[in-house]
Amino acid sequence: MIHIQHTETDRKGIFEAWLDDTQVGEMTYQRPTPQRMIIDHTRVFEGFEGRGIARQMVLAAVDFARANNRQIIPVCSYARALLTRTDEYKDVQ
């Protein structure tokens, strides 16, 4: 089972995907203002692609944004495609 870990500093953050004790992916973001997250990079490590890991990291960011009244600006092509595909995520954009 994949576990998503989130770490944030004043101006940036990272969501890391872990399978047991092995990191299998990461998604980074910048915080230009307290209420905005710019997702700039999503990466699933070699050998772990195709398991929905990138999607889980983006959805963890959506949950975090909703819980903290933040707006997501998806610069990363994967995050942008996922978040703009349906109206389900419009509340965080």
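Because the structure is a prediction, the values reported are computed rather than measured.

Asks: Any chance you could explain helix 1 (residues 53–67) here in plain terms?
Replies: Counting along an α-helix, one turn takes 3.6 residues, and residues three or four places apart therefore face a common direction. Here helix 1 spans 21 Å end to end across 15 residues, near enough to the 21 Å set by a 1.5 Å rise per residue. Taken together, the buried positions of helix 1 are I53, A54, M57, V58, A60, A61, V62, F64 and A65. Buried residues along helix 1 sit in contact with strand 1 (2–8), strand 2 (12–19), strand 3 (22–30), strand 4 (36–44), strand 5 (71–74) and helix 2 (77–84). With its phi angle positive at about 50 degrees, N69 sits one or two positions after the end of helix 1.

Asks: In this structure, what is going on with helix 2? I would like to understand it.
Replies: Considered for burial, the residues of helix 2 that qualify are A79, L82 and L83. Axial view of helix 2: buried residues confined to an arc of 90 degrees, hence all on one face. Taken together, the buried residues of helix 2 touch strand 4, helix 1 and strand 5.

Asks: Any chance you could explain the pattern of salt bridges here in plain terms?
Replies: Working definition: two side chains of opposite charge can pair if their charged atoms are close together. Summed over the entire model, instances satisfying the criterion amount to four salt bridges. For E26, the salt bridge goes to R43, with nearest N and O atoms at 3.7 Å. Remark: R43 occurs in strand 4 and E26 occurs in strand 3; sequence separation between them is 17 residues. Residue classification places E26 among the buried positions, given a relative accessible area of 17%. Residue classification places R43 among the partly exposed positions, given a relative accessible area of 40%.

Asks: Teacher, can you tell me more about unusual backbone geometry here?
Replies: Note on backbone geometry: most residues besides glycine have negative phi, and most peptide bonds are trans. Positioned with a positive phi, D20 is a non-glycine residue whose angle comes to about 55 degrees. Summarising the element assignment, D20 is placed in the loop between strand 2 and strand 3. Exposure remark for D20: the relative accessible area of 69% places this residue in the exposed category. With phi around 50 degrees, N69 is a residue other than glycine that occupies positive phi space. Tracing the chain through its elements places N69 in the loop between helix 1 and strand 5.

Asks: Sorry, what's going on with the sheet that holds strand 4 here?
Replies: The strands making up a sheet associate through hydrogen bonds between their backbones, and the pairing can be parallel or antiparallel. The strand order 1-2-3-4-5 describes an open sheet built from five strands, whose pairing is mixed. At either margin of the open sheet sits one strand with a lone partner, and together these are strand 1 and strand 5. Geometrically, the sheet is characterised by an average inter-axis angle of 30 degrees between neighbouring strands, direction not taken into account. Bridging between strand 4 and strand 5 involves four bridges; their strand directions are parallel. Across the sheet, residue R36 finds its bridge partner in strand 5, namely Q71.

Reading the values: rules and limits
Residues numbered from 1 in each chain as written. Predicted model: local features only at pLDDT ≥ 70, side-chain atom pairs only at ≥ 80, totals over all residues. Heavy atoms only, no water. Helix = DSSP H or I, 4+ residues; strand = E, 2+ residues; numbered from the N terminus. Expected span 1.5 Å × (residues − 1). Buried < 20%, exposed > 50% of the residue type's maximum accessible area, 1.4 Å probe, protein only. Contact = heavy atoms within 4.5 Å. Arc of directions from axis to C-beta. Salt bridge = Lys/Arg side-chain N within 4 Å of Asp/Glu carboxyl O. Pairing = 2+ DSSP bridges. Axes fitted to C-alpha atoms, helices over the stretch in contact; angles between N-to-C directions.

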